[in-house]
Amino acid sequence: MTAEQKDSIASALITQKFNKGENIVNEGDQAASFYIIKDGTVVVLKDGKEIRKMVKGDSFGEQALYYNTVRTATVKAITNNV
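Rules used throughout
- Residues numbered from 1 in each chain as written.
- Predicted model: local features only at pLDDT ≥ 70, side-chain atom pairs only at ≥ 80, totals over all residues.
- Heavy atoms only, no water.
- Patch = residues over 30% accessible without salt bridge, like charges linked within 9 Å, V, L, I, M, F, W, Y side chains within 5 Å.
- Areas by Shrake-Rupley, 256 points an atom, 1.4 Å probe, with all protein chains shown as cover.
- Salt bridge = Lys/Arg side-chain N within 4 Å of Asp/Glu carboxyl O.
- Helix = DSSP H or I, 4+ residues; strand = E, 2+ residues; numbered from the N terminus.
- Buried < 20%, exposed > 50% of the residue type's maximum accessible area, 1.4 Å probe, protein only.
- Pairing = 2+ DSSP bridges.
- Axes fitted to C-alpha atoms, helices over the stretch in contact; angles between N-to-C directions.

A. Just a nonpolar patch on the surface, in detail. Together, Ile 9, Leu 13, Phe 34, Ile 36 and Leu 65 make up an exposed nonpolar region whose accessible area comes to about 460 Å². Mapped onto the secondary structure, Ile 36 falls in strand S2 (residues 35–36).

Written out as structure tokens, the structure reads:
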């Protein structure tokens, strides 16, 4: 990726913070964003059951954007300042 491409992507990013227990996305909601975890830990829930944890550097939300569908899982912050 060129420096220009990286700068273009970086300029489109928006920082959001979520606190422990707060849902970031909800299963069944229409997708509108892609997320990259800058800090903290989240849990991914499908039908209310934990399927995995994600940490700094992980990302989520691309599948629903690619296919213009709804979210297939809920993602919840399990630490503060995610």
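B. Region of the structure containing the pairing of strand S3 (residues 41–46). Counting buried residues along S3, 5 of its 6 residues qualify, which places the element largely inside the surrounding structure. As defined by bridge partners, S3 adjoins strand S4 (residues 49–55) across 6 bridges and the pair is classed as antiparallel. Among the inter-strand pairings, Lys 46 is bridged to a residue of S4, identified as Lys 49. Bridge count for S3 against strand S6 (residues 74–77) is 4 bridges, and the pairing is antiparallel. Considered in S6, the bridge of Val 43 is made with Lys 76.

C. Representation of the sheet that holds S4 in the model. Strand order in this open sheet of 4 strands is S1-S6-S3-S4, and the pairing throughout is antiparallel. Among the strands making up the open sheet, the edge pair consists of strand S1 (23–25) and S4. The mean inter-strand angle of the sheet, taken between neighbouring strand axes irrespective of direction, is 30°.

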